[in-house]
Amino acid sequence: MNDSTDAWTLLTIACMAGITVLTRSFFYISSKPWQLPGWAQRGLQYAPIAALAAVVVPELLMTQGQLIDSWQDARIYAVASGLAWFAWRRGSGHAVLGTILAGMAVYLPLHIGLGW
Amino acid sequence: MMQIRQLWRHPDFRVGAMDLMPAAPGIAAWGLMTGVAMVQSGLSSIEALLMSLIVFSGGAQLAAVPLLLAGAPMWVILATAACVNLRFVVFSAHLRPFLMHLPLLERVVSGYFTADLTYVMFIKRYPNTSTEAAQQQAQQAYLSGNCLVNWFSWVSFSLLGVALANVVPARWGLGFAGPLALLAILCSLASSRLRWLAVCAAGLAAVLAYALPLKLNILLAIAVAVLLCMALENKSWAKASKP
């Protein structure tokens, strides 16, 4: 921990917020009328699920660029338990919250208790 | 232009908020651990607080911290943040027709608050644009409610993480609740064979291309999955809605 704050860092952080605005609203900025070509509109249907999978799969299966290479990894059992809960409760209001809780209920004891 | 109070009272504001609610504990735990990680890596409390409050992009925050501490030039840090956020540029292309009826300021504000989960949930509920004012208002209200819950869960717990950085040990791994929340949303989206294929293709590509710098593996994985699904969408097996 470090308690010295420097103005240049604060300015950089403020500019990073500007980058968030710019990237998230990139195609909203110009109000000229234009439309994506039909093939791009068709392709974008698959973008949400693909983006989510691309963000989450490495988080679940990799550590610092390496695939999980040991059965003593709490994430394997936590993901299995979360998926089992989801399959069981699919369509009910508690599917998502239940998946988090069922996964963490397996993850925390293995990770903290056994160091997996 | 819709007044904030009108948005707040619109029934779809609540629907948007409630859709995000089940995932909120996961987002909150992830935000908490991002706050802890920023301080434990060596950012000062004020810097970490400012970052949690205004940057609102976990990936960019975690990528920027080591560069800030190493004294990298500002343009390198900003270019890194922009690359890590490139997927949002794709999202903005997709959502553009839903928002263009709004004035510029409202479009930009909506964009700022639209992170991954809000984009996914919005498109799931509204696959098509509308030219009717009532439907456009409903969409805007839904988006606002969804963004508000997402933003509040992430930012409030990031701030808490900064404050409690010396109390919450990173080794507990509480942040794993975040990926679990996204996993559940992913399962709820995977409603056809083609969508499962998109999950597998994107997941595999993201893992194989993990060594790419600046999280460009995410962008590459989106491109691979989208192209593959477009190539296969007219095959008869892909049209079956249940696997």
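Small disclaimer: the values here were computed from a predicted structure and weren't measured.

When you go through chain A residue by residue, the secondary structure sums to five helices and two strands. Beginning at the N terminus, the succession of helices and strands in chain A can be written as α-α-α-β-β-α-α. Relative to the 2.2 N^0.38 estimate, which gives 13 Å for 116 residues, the radius of gyration of chain A is 21 Å and therefore markedly larger than a compact globule would have. With respect to the principal axes defined by its C-alpha atoms, chain A has extents near 55 × 50 × 30 Å. Burial status across chain A gives 38% buried among its 116 residues. Pairs at least 24 residues apart make up 44% of the contacts formed inside chain A by residues separated by at least 6 positions.

Turning our attention to the nonpolar core. Counting 112 residues, the largest nonpolar core has A:Ala50, B:Ala198, B:Ala202, B:Ile222 and B:Ala225 as the members making the most contacts within it. A domain split of this core shows at least three residues from each of domain 1 (4-189) and domain 2 (191-243) of chain B.

With that settled, consider the domain arrangement of chain B. Residue and element names in this part refer to chain B. According to the domain assignment, chain B consists of domain 1 (4-189) and domain 2 (191-243). For domain 1 versus domain 2, the separation of C-alpha centres amounts to 23 Å. If you look at the interface, domain 1 gives nine residues, while domain 2 gives nine residues. Contributions of two or more residues to the side of domain 1 that touches domain 2 are made by helix 6 (74-84), helix 7 (86-99) and helix 11 (177-189). Here the side of domain 1 that touches domain 2 is composed, by residue class, of six nonpolar, two polar and one charged.

Tallying the contact residues gives 61 residues for chain A and 78 residues for chain B. Contributing elements (two or more residues each) for the side of chain A that touches chain B: helix 1 (7-24), helix 2 (38-44), helix 3 (47-61), helix 4 (74-89) and helix 5 (95-113) of chain A. For the side of chain A that touches chain B, the element with the most residues is helix 3 of chain A, which contributes 15 residues. Partitioning the side of chain A that touches chain B into residue classes produces 41 nonpolar, 15 polar and five charged.

Next up on the list: the packing of helix 3 (residues 24-41) of chain B against helix 4 (residues 45-54) of chain B. Residue and element names in this part refer to chain B. Where helix 3 contacts helix 4, the axes come no closer than 9 Å and their chain directions differ by 150 degrees. When the axis of helix 3 is compared with that of helix 4, the two are roughly antiparallel. Remark: the crossing between helix 3 and helix 4 carries right-handed chirality. Contacts between helix 3 and helix 4 pair Gly35, Met38 and Val39 from the former with Ser45, Ala48, Met51 and Ser52 from the latter.

The first and last C-alpha atoms of helix 4 of chain A sit 23 Å apart over 16 residues, in line with the 22 Å expected at 1.5 Å per residue. Considered for burial, the residues of helix 4 of chain A that qualify are A:Ala74, A:Arg75, A:Ala78, A:Val79, A:Gly82, A:Trp85 and A:Phe86. For helix 4 of chain A, the angular spread of buried residues about the axis comes to 125 degrees, placing them on one side. Looking at helix 4 of chain A, the residues exposed on the side facing more than 90 degrees away from the buried face are A:Ala87 and A:Trp88. Of the surrounding secondary structure, the elements contacted by the buried residues of helix 4 of chain A are helix 3 and helix 5 of chain A together with helix 11 of chain B. At the exit of helix 4 of chain A stands A:Gly91, carrying a positive phi of roughly 90 degrees.

About the cut-offs
- Residues numbered from 1 in each chain as written.
- Chains lettered and ligands numbered in written order.
- Predicted model: local features only at pLDDT ≥ 70, side-chain atom pairs only at ≥ 80, totals over all residues.
- Helix = DSSP H or I, 4+ residues; strand = E, 2+ residues; numbered from the N terminus.
- Rg over C-alpha atoms; globule rule 2.2 N^0.38 Å.
- Buried ≥ 20, exposed ≤ 12 C-beta atoms within 10 Å, placed from the backbone.
- Contact = placed C-beta atoms within 7 Å.
- Core = buried A, V, L, I, M, F, W, Y, C linked by C-beta atoms within 7 Å.
- Domains from an automatic or database assignment.
- Nonpolar A, V, L, I, M, F, W, Y, C, P; charged D, E, K, R; others polar.
- Axes fitted to C-alpha atoms, helices over the stretch in contact; angles between N-to-C directions.
- Parallel < 35°, antiparallel > 145°, perpendicular 65-115°, else oblique.
- Left-handed = near helix turned anticlockwise from the far one by under 90°.
- Expected span 1.5 Å × (residues − 1).
- Arc of directions from axis to C-beta.

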